[in-house]
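For reference, the chains in residue letters:
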Amino acid sequence: MDTLDRLSIWAIVVLIITSFVLTGGHRGEAKPKKKQQKIAAADYAVINVEIENKVKVARNLMESNNLEKAAILVKEMIGKFPYEGAPHMVMGDILMRRQEQIRAMPEYKSAVDLNPDYLDKKTPLFQGKKLKVAVNEALDEVEKEMKAHPDSTSMKQSRKLIYYLKRRIAGSCG
Amino acid sequence: MVKLIITGAFIGLAGVMLSYYGNPANTGFCVSCFMENIAGSLGLHGNIRMQFIRPEIIGFVLGSFLISVYKKDFRSISYGSSLLRFFVGILLIVGCSIFIGCPVKMVFKMAAGDLTALIGLGGLVTGVFIGLKFLEGGFRIGNATDSPKANGYLVPGLMFLLLVFLLIKPPFIVMSIKGAGALYAPIYLSLIAGLIVGALAQRSGFCITGGIARIFLWGPREVIGCPKSTALLMSIVSFFMVALIASLLTGQFSLGVHGQPSSNESYGWSFLGMLMVGFGSILIKGCPLRQLISAGQGDTDAGAAVLGMLTGAALVQNWGLGGNAAGTPYEGKMAVIIGLCLLVVIGLLYRERGNGIAPEYQTGLE
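Analysis parameters
Residues numbered from 1 in each chain as written. Chains lettered and ligands numbered in written order. Predicted model: local features only at pLDDT ≥ 70, side-chain atom pairs only at ≥ 80, totals over all residues. Helix = DSSP H or I, 4+ residues; strand = E, 2+ residues; numbered from the N terminus. Buried ≥ 20, exposed ≤ 12 C-beta atoms within 10 Å, placed from the backbone. Contact = placed C-beta atoms within 7 Å. Nonpolar A, V, L, I, M, F, W, Y, C, P; charged D, E, K, R; others polar. Axes fitted to C-alpha atoms, helices over the stretch in contact; angles between N-to-C directions. Left-handed = near helix turned anticlockwise from the far one by under 90°. Expected span 1.5 Å × (residues − 1). Core = buried A, V, L, I, M, F, W, Y, C linked by C-beta atoms within 7 Å. Parallel < 35°, antiparallel > 145°, perpendicular 65-115°, else oblique. pLDDT = per-residue confidence, 0-100.

Help me understand the overall build of chain A, please; the structure alone is not making it clear to me.
Across its full length, chain A carries seven helices and zero strands. Along chain A, helices (α) and strands (β) appear in the sequence α-α-α-α-α-α-α when read from the amino end. When the 174 residues of chain A are sorted by exposure, 30% land in the buried category. Expressed as a percentage of contacts within chain A between residues at least 6 apart in sequence, the contacts between residues at least 24 apart total 51%.

Given below as structure tokens:
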């Protein structure tokens with residue numbers, strides 16, 4: 001047994017211990033509870049129409065500057081359809097209208113996580129350009145806030161979220 | 001030397017132009033991403049955003065095949081380690097998926113200003129160094145022996161079949177209509193670029209891990225004295241420089257750490273992913289691109305590695321191993337640790353202790 005053999009065996013031992021540590025940590029992580037919702041195709045079509053109609057109403061309210069009413073309607077939709085991206089996208093837009101760029105970011109994140117088509121140029125839902133502008137505005141805001149409060153944990157989290165969105169907007173091969 | 005510099009420069013230029021004309025950002029050429037696309041298109045995984053028969057991969061193999069036949073370089077050979085190379089081929093793609101890209105894409109990422117790719121480079125170089133330690137310690141995959149000529153035609157034949165599928169689109173072949181799989185440059189352009197890269201890489205012996213390996217093998221001073229070593233390194237430099245200039249001219253350059261395409265903040269895992277790629281590539285005589293080129297010129301063991309890469313691509317998608325914008329999933333982290341463990345075990349099992357670098361690695365080191 002030479003030096004390379006001994007080093008290799010040590011490497012294997014370290015890797016095995018790392019895998020155990022990783023597994024231990026992973027088991028300790030809280031997993032999001034997923035509701036088992038099985039929706040038949042026909043039911044889903046009905047839901048889809050309902051969402052579309054409500055999103056339209058919310059957008060009309062937003063365009064006519066009834067931001068409060070629009071927000072109430074969207075919050076109701078988010079409660080009723082927790083796995084749909086559209087209400088989160090509208091909520092993000094409402095918050096942007098209110099000049100609350102940083103608060104809009106988690107909504108946009110939920111929207112693109114639930115429906116990646118929002119960042120897909122090949123689909124009619126693509127909103128990448130709008131999101132890019134919103135994310136840049138939010139980053140400016142966060143940087144201003146961080147200059148004033150360098151230790152702010154919430155701002156650090158917001159910045160992390162913005163970087164995530166920037167990566168999503170930049171795209172990937174996967 | 002000129003051949004290698006031209007090869008590197010052409011890969012850099014063609015890759016950036018393919019991104020410009022429709023391929024995903026920084027993904028003019030990426031063996032791992034494209035293998036995942038092909039695996040999806042063949043129905044080996046069900047990610048509807050990752051299904052497309054990438055003509056670039058077909059071009060690499062057929063370009064190498066055609067030029068090697070024309071130049072009478074085509075030789076059906078086997079090292080008697082097909083299963084080993086199949087298996088390491090799987091690990092290469094797993095490692096690439098953690099970093100989100102193969103070594104070729106790593107250079108494109110760097111050339112587009114993605115500073116996180118430097119971490120991948122660090123991992124790749126470390127992996128190459130570890131792999132070389134095993135080579136110096138007597139690691140062997142066997143002598144090259146002639147095998148029936150038909151064996152050498154199998155992988156080029158498979159690629160030709162994929163080309164037919166791409167052109168006639170039979171109903172069992174799935175093509176993404178959205179997602180990364182739906183982003184592609186004009187097919188003829190990708191195919192021509194792939195054919196030229198395949199032919200140039202076959203003639204020149206272009207290999208990213210091979211180039212890096214030479215620095216460690218002979219040291220910087222001796223590398224400068226060796227024309228092939230210098231040329232291999234110069235080819236990587238010309239690849240980077242041309243890609244950098246093309247990225248700047250086409251507006252695809254964005255210097256920074258955050259918000260880069262195909263990246264995340266799992267820097268440690270990206271490092272380990274590429275370490276696995278560098279380590280594995282040295283053990284099986286070449287990076288993923290080199291495996292395709294070698295398979296095209298008749299190396300049946302490289303053909304097995306190509307099939308392994310295709311299998312790995314399917315596993316990455318089916319088991320959710322790949323990195324994404326949010327980071328590296330737990331499954332991916334475990335895959336890297338287990339993969340590294342397996343590579344070390346392979347290194348130990350295939351060593352002939354007391355011997356130096358085996359003859360099969362002394363010719364070309366591709």
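Looking at this model, I keep getting lost on the overall build of chain B. Mind explaining?
Within chain B, the secondary structure is distributed over 15 helices and two strands. By principal-axis analysis of the C-alpha atoms, chain B measures approximately 55 × 45 × 40 Å. Every one of the 366 residues in chain B was classed for burial, and the buried ones make up 62%. Long-range pairs, those at least 24 residues apart, make up 85% of the contacts in chain B between residues at least 6 apart in sequence.

Hey, could you run me through the interface of chain B and chain A in this one?
One frequently used descriptor of interface size is the decrease in accessible area upon assembly of the parts. If you look at the interface, chain B gives 38 residues, while chain A gives 26 residues. Only α2 (31–41) and α14 (330–349) of chain B provide two or more residues apiece to the side of chain B that touches chain A. Residue contributions to the side of chain B that touches chain A peak at 11 residues, all from α14 of chain B. Taken together, the residues of the side of chain B that touches chain A sort by class into 21 nonpolar, 12 polar and five charged.

Where do I start with the packing of helix α5 (residues 103–111) of chain B against helix α6 (residues 117–136) of chain B in this structure?
Two quantities define a packed helix pair, namely the angle between the axes and the distance from one axis to the other. All names here are of chain B. Look at α5 against α6: their axes get within 9 Å of each other, and the N-to-C directions meet at 145°. In terms of crossing hand, the pair formed by α5 and α6 is left-handed. Along its contact with α5, which presents P103, M106, K109 and M110, the element α6 presents A117, L118, G120, L121 and L124. The residue inventory of the contact of α5 with α6, partitioned by class, reads seven nonpolar, one polar and one charged.

For this particular structure, what's the right way to read unusual backbone geometry?
Glycine aside, residues mostly have negative phi, and peptide bonds are mostly found in the trans state. The backbone of Q99 of chain A shows a phi angle near 65°, a positive value even though the residue is not glycine. Looking at the secondary structure, you find Q99 of chain A in the loop between α4 (86–97) and α5 (101–114). Its identity is not glycine, yet K285 of chain B carries a phi of approximately 65°, on the positive side. Inspection of the secondary structure puts K285 of chain B in the loop between α11 (267–283) and α12 (288–296).

How should I be thinking about helix α7 (residues 153–170) of chain A in this particular structure?
In an α-helix, one turn spans 3.6 residues, which is why side chains three or four residues apart end up on the same side. All names here are of chain A. Its 18 residues place the ends of α7 26 Å apart at the C-alpha level, agreeing with the 26 Å of an ideal helix rising 1.5 Å per residue. Taken together, the buried positions of α7 are M155, S158, R159, I162, Y163, Y164, L165, K166, R167, R168, I169 and A170. Residues of α7 that are buried in the fold lie against α5 and α6 (128–148).

What am I meant to see in α14 of chain B here?
Its 20 residues place the ends of α14 of chain B 28 Å apart at the C-alpha level, agreeing with the 28 Å of an ideal helix rising 1.5 Å per residue. Among the residues of α14 of chain B, those classed as buried are G332, K333, A335, V336, I337, G339, L340, L343, V344, I346 and G347 of chain B. Looking at the buried side of α14 of chain B, the elements it contacts are α1 (3–28) of chain A together with α4 (82–99), α6 and α11 of chain B.

When you look at the nonpolar core in this model, what are you seeing that I'm missing?
Side chains that are nonpolar tend, in soluble globular proteins, to be buried together. Residue and element names in this part refer to chain B. Of all hydrophobic cores here, the largest spans 123 residues; its most connected members are M35, V61, I93, V104, M276, L283 and L292. Among the elements that take part in this core, α4 stands out by supplying 12 residues, more than any other. The contacts of L283, once residues within four sequence positions are left out, are V88, G131, F134, F139, L343, I346 and G347.

Help me understand the packing of helix α7 (residues 149–168) of chain B against helix α13 (residues 300–318) of chain B, please; the structure alone is not making it clear to me.
Residues and elements named next belong to chain B. Axis separation between α7 and α13 bottoms out at 9 Å; the angle between their running directions is 30°. With respect to each other, α7 and α13 are oriented roughly parallel. Note that α7 runs across α13; the crossing there is left-handed. The segment α7 lies against α13, with N151, G152, L154 and V155 engaging T300, G303 and V306. Its residues placed into classes, the contact of α7 with α13 shows three nonpolar, four polar and no charged.

Sorry if this is basic, but what is going on with the environment of S19 of chain B here?
Residues and elements named next belong to chain B. Take S19: it is sitting in helix α1 (residues 2–20). S19 sits 227 residues away from A246 along the chain, and the two C-alpha atoms are 11 Å apart. Discounting chain neighbours no more than four positions away, the residues touching S19 are A25, N26, T27, G28 and Q252.

Help me understand the environment of A104 of chain A, please; the structure alone is not making it clear to me.
Residue and element names in this part refer to chain A. Here A104 shows up in helix α5. By the C-beta count within 10 Å, which is 24 here, A104 ends up buried. Spatially, the C-alpha atom of A104 lies 8.3 Å from that of A138, the residues being 34 residues apart in sequence. Look past the residues within four positions of A104 in its chain and what remains in contact with it is G92, L95, M96, A134 and A138.

Help me understand the environment of D299 of chain B in this model?
All names here are of chain B. With respect to the secondary-structure elements, D299 resides in the loop between α12 and α13. Sequence-wise, D299 and S76 are 223 residues apart; in three dimensions their C-alpha atoms are separated by 5.8 Å. Discounting chain neighbours no more than four positions away, the residues touching D299 are I77 and S294.

Can you help me understand the confidence of the model for chain B in this one?
Low pLDDT marks stretches whose predicted atomic positions should not be read closely. In the predicted model, chain B carries a mean pLDDT of 92, and 97% of its residues have values of at least 70. Predicted complex, confidence summary: ipTM 0.86, pTM 0.90.

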